[in-house]
Amino acid sequence: AMSAEPFNAPAYLNLEEAGSSSPTVHVELTNFDEKLANLAEDKNQRPSDASQLRTGRLGEALVEKYFAKQLGSNNVRWVNDRIETGLPYDIVITHPEGFTEYVEVKTTVSSRKDWFDVSPREWQFALEKGDLFSIARVMLGTKKASIEMLKNPHKLYKQKALRLGLLISRHT
């Protein structure tokens with residue numbers, strides 16, 4: 001079973017009216033995945049690509065399941081369900097009102113990690129879609145997870161609620 005507390009709002013929440021730039025949904029993970037405890041990253045070394053892939057897929061599945069429960073499974077599609085598509089979003093939400101919303105999921109198991117990579121393609125898509133694009137930042141614990149919705153990240157950046165950073169790639 002999965003429960004969401006205390007924030008039961010869908011991704012298209014108008015953040016300005018809510019008075020918060022990033023509502024957080026707390027999701028109970030009971031019976032979601034008994035192997036979740038095995039995803040804990042070793043804090044002293046970089047997690048393996050396989051571990052990062054598992055963590056990312058679990059976060060995407062959690063967000064898809066959460067929104068399917070809130071909005072109905074016919075209105076929510078996980079585009080990477082079978083294979084990584086390479087699209088600049090992971091979840092597509094079709095609203096009865098006739099608009100489509102896109103959600104990119106960024107997942108971590110480290111409670112101290114306050115950053116994540118955004119590809120140039122994801123940032124460009126965020127610029128193009130505006131309020132129809134959100135980033136779902138998922139923090140996985142062993143029994144609970146939180147989903148923080150960052151609606152219109154470009155707007156949040158302009159409001160100084162988010163910062164951009166550059167990282168120099170070092171190939172080893």
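Cut-off values and rules
- Residues numbered from 1 in each chain as written.
- Predicted model: local features only at pLDDT ≥ 70, side-chain atom pairs only at ≥ 80, totals over all residues.
- Heavy atoms only, no water.
- Helix = DSSP H or I, 4+ residues; strand = E, 2+ residues; numbered from the N terminus.
- Buried < 20%, exposed > 50% of the residue type's maximum accessible area, 1.4 Å probe, protein only.
- Contact = heavy atoms within 4.5 Å.
- Areas by Shrake-Rupley, 256 points an atom, 1.4 Å probe, with all protein chains shown as cover.
- Pairing = 2+ DSSP bridges.
- Arc of directions from axis to C-beta.
- Core = buried A, V, L, I, M, F, W, Y, C linked by side-chain atoms within 4.5 Å.

Student: Can you walk me through the overall build of the chain in this structure?
Tutor: Within the chain, the secondary structure is distributed over four helices and seven strands. In the chain, the order of α-helices and β-strands from amino to carboxyl end is β-α-β-α-β-β-β-α-β-β-α. Put simply, the chain has 172 residues, and 41% of those count as buried. Across the chain, the fraction of contacts at a sequence separation of at least 24, relative to all contacts at a separation of at least 6, is 59%. Only carbon and sulfur atoms are counted for the fraction: they give 49% of the accessible area of the chain, which is about 10,800 Å².

Student: Looking at this structure, how should I read the side chain of T108?
Tutor: Among the structural elements, T108 can be located in strand β5 (residues 100-108). The contacts of T108, once residues within four sequence positions are left out, are T55, K113, R137, V138, M139 and L140.

Student: Help me understand the pairing of strand β7 (residues 144-151) in this model?
Tutor: For a regular strand, side chains alternate in direction, first toward one face of the sheet and then toward the other. With six of its eight residues buried, β7 lies for the most part within the structure. The turn joining strand β6 (residues 133-140) and β7, which pair antiparallel and follow one another in sequence, is formed by three residues.

Student: Got a minute to help me understand helix α3 (residues 120-129) in this structure?
Tutor: Since the α-helix turns once every 3.6 residues, residues separated by three or four places project in the same direction. The complete set of buried residues in α3 reads E122, W123, F125 and A126. Buried residues of α3, viewed axially, fall in a sector of 160 degrees; they line one side. Away from the buried face of α3 by more than 90 degrees, exposed residues P120 and E128 are located. Where α3 is buried, its residues contact β5, β6 and α4 (153-158). At the C-terminal side of α3, G130 shows a positive phi close to 55 degrees.

Student: What is the right way to look at the side chain of E104 in this model?
Tutor: Among the secondary structure elements, E104 is positioned in strand β5. Not counting residues within four places of it along the chain, the set of residues in contact with E104 comprises P88, Y89, D90, E122, F133, S134, I135 and A136.

Student: What exactly am I supposed to notice about the nonpolar core here?
Tutor: Within soluble globular proteins, side chains that are nonpolar generally end up buried alongside one another. Core analysis: the largest hydrophobic core is formed by 20 residues, its most contacted members being V63, I91, V103 and I147. Counting only elements with at least two residues in this core, the list comes to α2 (49-71), β3 (76-78), β4 (91-94), β5, β6 and β7. Examining the composition of this core, we find that seven residues originate from one element, α2, more than from any other. Non-local contacts of V63, meaning those with residues more than four positions away in its chain, are made with I91, V103, V105, A136, V138 and I147. Of all hydrophobic cores here, the second largest spans ten residues; its members include Y89, A126, F133 and L156.

Student: Help me out: how do you make sense of the environment of P153 in this one?
Tutor: Within the element layout of this structure, P153 appears in helix α4. Sequence separation of P153 and F133 is 20 residues, and the distance between their C-alpha atoms is 7.8 Å. Sequence-distant contacts of P153, defined by excluding residues within four places in its chain, comprise W123, A126, F133, I135 and L162.

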